[in-house]
Amino acid sequence: MKVGIIRCQQTEDMCPGTTDFKVANEGKLAFAETGPVEVVGFLSCGGCPGKKAVSRAKLMVDRGAEIIAFASCMKKGNPIGFPCPHFAQIHEAVVKKVGSEVQVIDWTH
């Protein structure tokens, strides 16, 4: 399966996404149910309040992603300890945009 990952733009300077790629490739943690997946996109939300996450998720689906995963920085606040205050609204909008046939995962590691 193929996954597109959306991350918090605020954490780009301090997190290269290494763990996101590793757990996706190995099928661990949030990917334990799916098994190993291929990352086909790794984009930011576009910055607060995250409106670009919706169109970027759709773009990754149009380019082959069968799963959209939110990097742990979005829901859990890793590594800065500050979860996205807009996460619930972004998540809901992404689910609505990509449709029920695309799985959405709330975190990665």
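Per chain, the residues get numbers from 1 upward, laid out in the order the sequence is written. Restriction of local features to residues with pLDDT of at least 70 applies here, the model being predicted, together with a cutoff of 80 or more for giving and counting side-chain atom pairs; totals for whole chains, interfaces and linings are based on all residues. Only hydrogens and water are set aside when side-chain values are computed; all heavy atoms of the structure are taken into account.

Engineer: An account of the pattern of salt bridges is needed here, citing residue identities and associated values.
Structural biologist: Opposite charge on two side chains allows them to pair when their charged atoms are near. Any Lys or Arg side-chain nitrogen found within 4 Å of a carboxyl oxygen on Asp or Glu counts as a salt bridge. Across all of its chains, the model carries 3 salt bridges by this definition. Close ionic contact of Asp-106 with Lys-75 constitutes a salt bridge, the shortest N to O distance being 3.4 Å. Of this pair, Asp-106 sits in the segment after strand 4 (103–105) while Lys-75 sits in helix 3 (residues 72–75), placing them 31 residues apart in sequence. With relative accessibility at 23%, the residue Asp-106 sits in the partly exposed group. Judged by its relative accessible area of 40%, Lys-75 falls in the partly exposed class. Numbered from the N terminus, helices here are DSSP runs of H or I no shorter than four residues, and strands are runs of E no shorter than two. Burial status follows relative accessibility: with a 1.4 Å probe on protein chains alone, a residue under 20% of its type maximum counts as buried, one over 50% as exposed, and anything between as partly exposed.

Engineer: If you had to explain the packing of aromatic side chains to someone new, which residues and values would you point to?
Structural biologist: Stacked, edge-to-face and tilted are the three classes for Phe, Tyr and Trp ring pairs, Trp counted by its six-membered ring, which pair at centre distances within 6.5 Å; planes under 30 degrees apart are stacked, over 60 edge-to-face, the rest tilted. If you walk through the whole model with that rule in mind, you get 2 aromatic pairs. Considering the side-chain rings of Phe-21 and Phe-42, the 4.9 Å spacing of their centres and the 45 degrees angle between planes classify their relative orientation as tilted. Of this pair, Phe-21 sits in helix 1 (residues 18–26) while Phe-42 sits in strand 2 (residues 38–44), and the two are 21 residues apart along the sequence. Accessibility expressed as a relative area gives 35% for Phe-21, which makes it partly exposed.

Engineer: Now, about the packing of helix 2 (residues 52–62) against helix 4 (residues 87–98): what can you tell me, with residues and values included?
Structural biologist: Packed helix pairs are characterised by how far apart their axes lie and by the angle those axes make with each other. To obtain each axis, a line is fitted to C-alpha atoms, and for helices this fit is confined to the stretch in contact; angles are then taken between N-to-C directions over 0 to 180 degrees. Contact pair helix 2 / helix 4: the axes reach a minimum separation of 9 Å and the direction vectors enclose 35 degrees. For the pair helix 2 and helix 4, the crossing hand works out as right-handed. Across the interface between the two elements, Ala-53, Val-54, Ala-57, Lys-58 and Val-61 of helix 2 pack against Ile-90, Ala-93, Val-94, Lys-97 and Val-98 of helix 4. In the scheme used here, Gly and all other residues not listed as nonpolar or charged are polar, with Ala, Val, Leu, Ile, Met, Phe, Trp, Tyr, Cys and Pro taken as nonpolar and Asp, Glu, Lys and Arg as charged. Of the residues assigned to the contact of helix 2 with helix 4, the class counts are 8 nonpolar, no polar and 2 charged. Handedness of a helix crossing follows the sense of rotation of the near helix relative to the far helix, less than a right angle counterclockwise being left-handed and clockwise being right-handed. We call two residues in contact when some of their heavy atoms are within 4.5 Å.

Engineer: For helix 2, give the residues involved together with the corresponding values.
Structural biologist: For helix 2, the complete set of buried residues consists of Ala-53, Val-54, Ala-57, Met-60 and Val-61. One side of helix 2 holds all its buried residues, which, seen down the axis, span an arc of 130 degrees. Packed against the buried residues of helix 2 are strand 1 (2–7), strand 2, strand 3 (67–70) and helix 4. Just beyond helix 2, the residue with positive phi is Gly-64, at close to 115 degrees. Directions pointing from the helix axis toward each C-beta atom define the arc.

Engineer: Describe helix 1, naming the residues involved and giving the relevant values.
Structural biologist: Every buried residue of helix 1 is listed here: Asp-20, Val-23 and Ala-24. Angularly, the buried residues of helix 1 cover 100 degrees about the axis, an arc narrow enough to put them on a single face. Exposed positions of helix 1 whose direction lies more than 90 degrees from the buried face are Thr-18 and Asn-25. Against strand 1, strand 2 and helix 3 lie the buried residues of helix 1. Once helix 1 ends, the next one or two residues include Gly-27, with phi positive near 70 degrees.

Engineer: Mind laying out the side chain of Arg-7, listing which residues take part and the relevant values?
Structural biologist: Inspection of the secondary structure assignment puts Arg-7 in strand 1. The charged-residue count follows a simple rule in which Lys and Arg add positive charge and Asp and Glu add negative charge, with His and chain termini not counted at all. Despite its burial, Arg-7 pairs with no opposite charge; the closest candidate is Glu-12, at 4.7 Å N-O. If near-sequence neighbours (up to four positions away) are discounted, Arg-7 is found in contact with Glu-12, Cys-15, Pro-16, Gly-17, Phe-42, Leu-43, Ser-44, Cys-45, Ala-71, Cys-73 and Met-74.

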